[in-house]
Every structure is written in structure tokens, then in C-alpha cells.
Amino acid sequence: MRVAHLRLSRASIRRAMVGALIAMALFSCPVRLSPGDPQSVRVRYEDGTSARELPALVQDGCTYVPLAELVATLGGRVVKSEKANKAVAYVGTRELTVSPFNCFVVIGSRVRQMPVETLLQGGELYVPLPYFVEVLADSSPELVKWDEQRRFLTIASKGAVVLGAVVESKANGMLVRVTCTRRFASSDVYTSLTGNGWLYIDFYGGVVDSSSAYLEDRAKEVREWYASQLSSEVARLALRLRSIPKKREVLFPEGQTEVWISLPTQDTLSTDLIAGLRAAREKWRIDTVVLDPGHGGKDPGAIGPTGLYEKNVVLSTCKELKAMLEDELGLTVYMTRTGDTYPTLKQRTALANRHNGKLFVSVHANAHRRPTVRGFSVYILGPAKTEEALEVARRENEVIKEYESMHNGYGDFGNPNFILAAMAHNEFVRESEELAGLISNGLARWTQRPNLGVEQAGFYVLVGASMPSVLVEIGFISHREEEKVLRDRAEQKRIARGIFEGIKRFKELYEMPVSAEPHRTTTLDAKQR
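Attention in this report is confined to the structure presented alongside it. (Residues numbered from 1 in each chain as written. Predicted model: local features only at pLDDT ≥ 70, side-chain atom pairs only at ≥ 80, totals over all residues. Heavy atoms only, no water.)

Attention now goes to the nonpolar core. In terms of nonpolar packing, the biggest core is built from 39 residues, with Leu 291, Leu 325, Ile 439, Val 470, Val 472, Ile 474 and Ile 499 touching the most fellow members. Secondary-structure elements contributing two or more residues to this core are strand S25 (288-293), helix H5 (310-329), strand S26 (332-335), strand S27 (359-366), strand S28 (376-381), helix H9 (429-446), strand S30 (469-476) and helix H11 (489-510). Discounting residues that sit within four places of it in the chain, Ile 439 has contacts with Val 378, Val 470, Val 472, Gly 498, Ile 499, Gly 502 and Ile 503. Judged by nonpolar contacts, the second largest core, of 28 residues, contains Val 41, Leu 74, Val 127 and Leu 136. (Core = buried A, V, L, I, M, F, W, Y, C linked by side-chain atoms within 4.5 Å. Buried < 20%, exposed > 50% of the residue type's maximum accessible area, 1.4 Å probe, protein only. Helix = DSSP H or I, 4+ residues; strand = E, 2+ residues; numbered from the N terminus. Contact = heavy atoms within 4.5 Å.)

Written out as C-alpha cells, the structure reads:
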């Protein structure tokens with residue numbers, strides 16, 4: 001086969017290169033639609049009820065939506081792997097793997113190719129909606145439909161889809177957690193129990209697909225089970241239990257679409273078991289939080305284009321957060337500084353340990369050499385995996401050289417082995433990661449700025465904290481518009497509310513109610529069946 005050789009002039013090459021650069025610039029600058037734009041994506045259910053509105057990007061005539069928000073609307077979840085540069089979406093029993101700037105979607109062991117690639121915008125993975133819906137239709141043709149003309153995404157369900165359940169073992173029984181795509185009213189969930197151990201959970205206005213519904217029996221208490229659509233309006237999950245519960249209670253967690261069925265199998269617990277559980281409960285009682293407004297005093301932190309000091313923004317935000325935690329959750333809250341002072345980094349975590357803090361939250365504002373970078377992020381202690389994370393930690397750690405002696409035992413934090421050694425002495429690495437994720441989710445709900453996600457890096461201020469600890473970068477003070485937003489008192493309250501929601505959710509997940517009585521969750525909207 002002969003290969004044709006073309007003789008091009010230097011001018012022709014330059015023109016071609018300029019054209020390619022212009023095309024790349026146009027391709028990499030998608031237009032964000034405002035929520036009120038008629039082209040924005042509305043989500044509704046088949047019965048005509050409105051669900052929500054998804055943020056969208058339009059590029060080359062194709063509509064893109066955030067993968068995480070689309071999957072959440074379908075009742076699923078997305079797990080991101082920064083190391084592998086991919087995201088795994090779980091929708092019912094389906095597992096879909098998607099990567100940035102890639103047109104391939106892996107569904108289990110199969111691979112589907114979309115006509116266009118995915119996008120990455122502000123750390124968020126966007127999928128081409130029309131083609132991703134086709135991918136979903138491969139396994140569930142009726143799950144979701146896209147109407148290009150009316151720009152409606154319709155979830156094909158007359159009611160909430162019951163996706164499946166997880167059975168967990170508890171101290172005096174078990175808990176059945178049913179995942180649904182929408183929140184049920186307490187009057188629409190009914191339970192019954194037969195003498196031979198069959199537990200029936202009926203959802204009025206619910207829909208279930210018996211071929212895709214799942215059950216994860218972590219408690220090893222289920223002999224057999226099935227899912228069935230009893231009628232056009234009633235969906236049923238049926239579980240045959242090994243142990244007959246003494247009673248049952250239906251719980252509706254606030255802000256979630258799950259339905260919980262509490263099934264105590266013992267009236268009382270042994271004295272020794274109660275004592276052990278109470279000790280564990282005290283360990284995880286989130287009653288004291290330490291807030292660390294970064295910088296202060298002689299250290300102004302980052303300075304915005306119009307002169308806004310990081311130290312002032314984070315102090316004001318922490319004061320708002322302190323008031324919320326004290327007034328709404330009744331927590332004891334300490335601050336490493338309440339005025340324009342500079343505690344050393346070691347003094348900050350020492351204060352947290354001295355007051356037996358259960359959580360340590362250090363609040364900062366970010367800066368970047370490129371003035372266009374914006375968004376918020378949450379960090380935990382660990383070796384930096386990206387150059388951006390390394391740069392953020394390097395900037396925050398500069399205060400050691402500027403305002404503290406380098407001979408005060410900080411160690412060589414440029415060495416990843418030193419970071420790993422510091423992590424090994426902290427038993428709360430997993431809890432810190434979970435707290436960071438919950439705070440990131442809270443900020444995403446309460447602010448309208450890009451979510452840059454959860455990352456890890458070697459921050460001096462997180463070393464030595466004997467509790468779950470995170471560092472929150474609430475925004476880029478170096479970005480002119482974000483500086484203006486961060487200066488606004490109302491926005492500071494919204495930021496504080498986002499962090500508050502993350503702490504509140506962590507508290508709900510990790511505190512364990514213990515008593516000699518059957519399990520009851522007082523923080524939930526509970527109804528006895």
C-alpha cells in the first residue's frame with residue numbers, strides 16, 4: 001500500500017494549527033444553561049409529577065448532564081475513583097463504568113460506545129444525555145426516556161421505584177433498609193408478619209421490577225425472598241426471616257428516599273452487652289466539635305484581587321457554623337481562634353485533643369496562580385495524588401516557613417513516607433474520608449459553585465488530631481467573582497450551612513442508640529406498624 005506524501009508550506013501548517021487550536025478552544029468551553037433557560041433539563045415521573053431540574057451543558061448541539069445527579073434521580077449512586085480516573089454508577093443491580101473524555105461505557109461485562117465523549121467540567125463528570133439514556137435502555141427499556149423536542153427526562157414509573165433492600169444486623173435484632181427512587185409517605189408503607197417468618201413490605205404507589213430488584217443479606221437472616229408487583233399500584237418485597245422479630249417499626253430517615261424497617265428480636269439485652277454498647281456509643285457520641293479558622297494574626301492567608309483576607313472570611317464563616325452547631329444540635333464547639341490571633345499549627349490540634357473533640361474541621365479559602373480557577377473542595381490527610389492537591393498543601397504549609405520555626409518537630413512533610421507514618425498513627429482515616437464526603441455533599445446542596453470533590457494531601461494542620469479531621473477549602477479567593485461571593489455575609493451563612501449538614505449527617509450515621517429497650521430511632525419520622 002502506497003502512502004501519499006503531501007508537501008505543505010509553513011504558512012499552510014501554521015493556518016492548520018491555528019484552526020485546530022480554535023476548534024479545541026470552542027470544544028472545551030461548553031455553555032452552562034441557567035436553571036430558568038427553556039432548554040434546561042426537567043425531570044418528571046410518568047404520572048406527570050415533577051421531580052427536579054438537572055443542571056446542563058450544551059456542546060455541539062448535544063445536551064450533557066452531571067452523571068452523579070442523573071444517577072441520584074434514578075435512585076442510584078456514583079463512586080468516583082480519582083486514581084483510576086473513572087466513575088462507577090450503580091443503578092439497581094446495574095453497574096456502569098464511565099471515564100472522562102471517553103465515549104465507551106462498560107455495563108457489567110459488556111461495552112457500549114456512544115457517538116460522543118463524556119465531558120469534565122469543574123471536577124464534575126458530564127454524560128451526553130440522549131446517548132446515555134440509550135445505554136440505560138439496554139438493560140431497562142422503561143426505566144427512563146428522553147424527549148428531545150420537549151426537553152423532558154421522564155422516569156417511567158407511576159410511583160416510586162423500589163430498587164431493593166439491605167438487611168443489617170443490629171445489637172438486638174436487624175434493620176431492613178429499602179432503597180427507593182422517591183420518598184414514600186408514612187401512610188403508604190405497610191408491613192405484616194406471618195407465623196412462619198414471612199415479612200411482607202407493601203408500598204402503595206410503588207413499582208418494582210422483579211428481575212432487577214436486589215437483596216443484600218449482611219445479617220445472614222433471610223432464608224428466601226422475592227419482589228412482586230401485586231397490582232398496578234402496590235409493590236411488594238417479601239422476606240422469610242430465620243428469627244421472628246418481637247415487633248416491627250417503619251422509619252423514614254429525614255432527607256432520604258430510603259425506608260427502614262426495624263425488627264428487634266430481643267426484648268432486652270444482657271447487662272454486659274449493654275455496658276459494651278454504651279462504651280462504644282460514648283466513643284462515637286459526637287458531642288464536641290473543634291473548628292479551626294485558618295491563618296490569623298500576622299498570617300493573613302491568601303489575599304483576593306480587591307484585598308479580601310482569607311483569615312477574615314474563614315473566621316466569620318466558622319462563627320456562623322459554631323452558632324448553628326450549638327443552637328440546632330446542642331453541641332459543644334471550640335474554636336482554635338475567636339479573633340485576629342495566630343495559633344501555631346501544632347497548637348490547633350493540641351487544643352482539639354485537650355478538649356476531647358470528636359471532629360476537627362479546619363476552614364480555609366483557596367488561591368491559584370490562574371485567576372479563572374474556582375470552586376470548593378474538601379481534603380483529608382494523605383499523600384497528594386494530583387499536582388493541584390500538592391500545590392494547595394504546599395501553599396497552606398508555607399506558614400511554617402513564614403511564621404514558625406522549622407525545628408519544632410513537624411518533620412519532612414515533603415516525603416510521602418512521613419505522611420503515611422502520620423496516617424498510621426491516626427485510627428480515623430476512614431471516618432475522616434466519610435466526613436469529607438458528607439461535607440462536600442452538603443456544600444454542593446447549599447452553594448451554586450463547582451464541586452471539586454474530596455482529595456487528600458499533606459497538610460501540617462491535620463497531623464496529630466486524634467479524631468476524624470478534614471480541611472475545607474470554601475472557594476478560591478483569587479477568583480474575582482468568588483472573592484465577591486465569599487465577602488457576602490449571606491453566602492458565608494450558606495457555606496456554614498453546607499458544612500453543618502455534613503457534620504449533622506455524620507453524627508446521625510455514627511451515633512449508636514443503645515438501651516435495654518427495643519431499638520427506636522427518635523431522630524426519624526417513625527410510625528409503628
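Looking now at the pattern of salt bridges. Under the defined criterion, the tally for this structure stands at 19 salt bridges. For Lys 322, the salt bridge is made with Glu 326, and the minimal N-O distance between the two is 2.7 Å. With Lys 322 and Glu 326 both in helix H5, this residue pair falls four residues apart, about one helical turn. Among the residues examined, Glu 326 registers a relative accessible area of 30% and is labelled partly exposed. Note that Arg 449 and Glu 491 form a salt bridge whose closest N and O atoms lie 3.4 Å from each other. Residue Arg 449 is located in the loop between H9 and strand S29 (451-457), and its partner Glu 491 is located in helix H11; the two are separated by 42 residues in the primary sequence. Look at the salt bridges and you will find they share partners, linking Glu 168, Lys 170, Arg 177, Glu 216, Arg 218 and Glu 258 into a network. (Salt bridge = Lys/Arg side-chain N within 4 Å of Asp/Glu carboxyl O.)

Extensive coverage of S27 is indicated by the burial of eight of its eight residues. Here S27 shows a buried face lined by Leu 359, Val 361, Val 363 and Ala 365 and a second buried face lined by Phe 360, Ser 362, His 364 and Asn 366. Sheet analysis places S25 next to S27, joined by five bridges and oriented parallel. Looking at the pairing, Val 290 lines up with Phe 360 of S27. Note: S27 against S30, six bridges, orientation parallel. Residue pairing in the sheet places Phe 360 in a bridge with Ser 469 of S30. (Pairing = 2+ DSSP bridges.)

It is worth spelling out H5 at this point. Here H5 spans 28 Å end to end across 20 residues, near enough to the 28 Å set by a 1.5 Å rise per residue. Within the span of H5, buried status applies to Glu 310, Lys 311, Val 313, Val 314, Leu 315, Thr 317, Cys 318, Glu 320, Leu 321, Met 324 and Leu 325. Where H5 ends, the next residue or the one after it, Gly 330, has phi of about 70°, a positive value. (Expected span 1.5 Å × (residues − 1).)

All right, on to the sheet that holds S25 then. Read from one edge of the open sheet, six strands run S26-S25-S27-S30-S28-S29, paired in mixed fashion. Edge positions in the open sheet fall to S26 and S29, since each of these has one partner strand only. Across this sheet, the average inter-strand angle for adjacent strands is 20°, counted without regard to direction. Running over the sheet, H5 touches S25, S26, S27 and S30 and is turned about 165° from S25. (Axes fitted to C-alpha atoms, helices over the stretch in contact; angles between N-to-C directions.)

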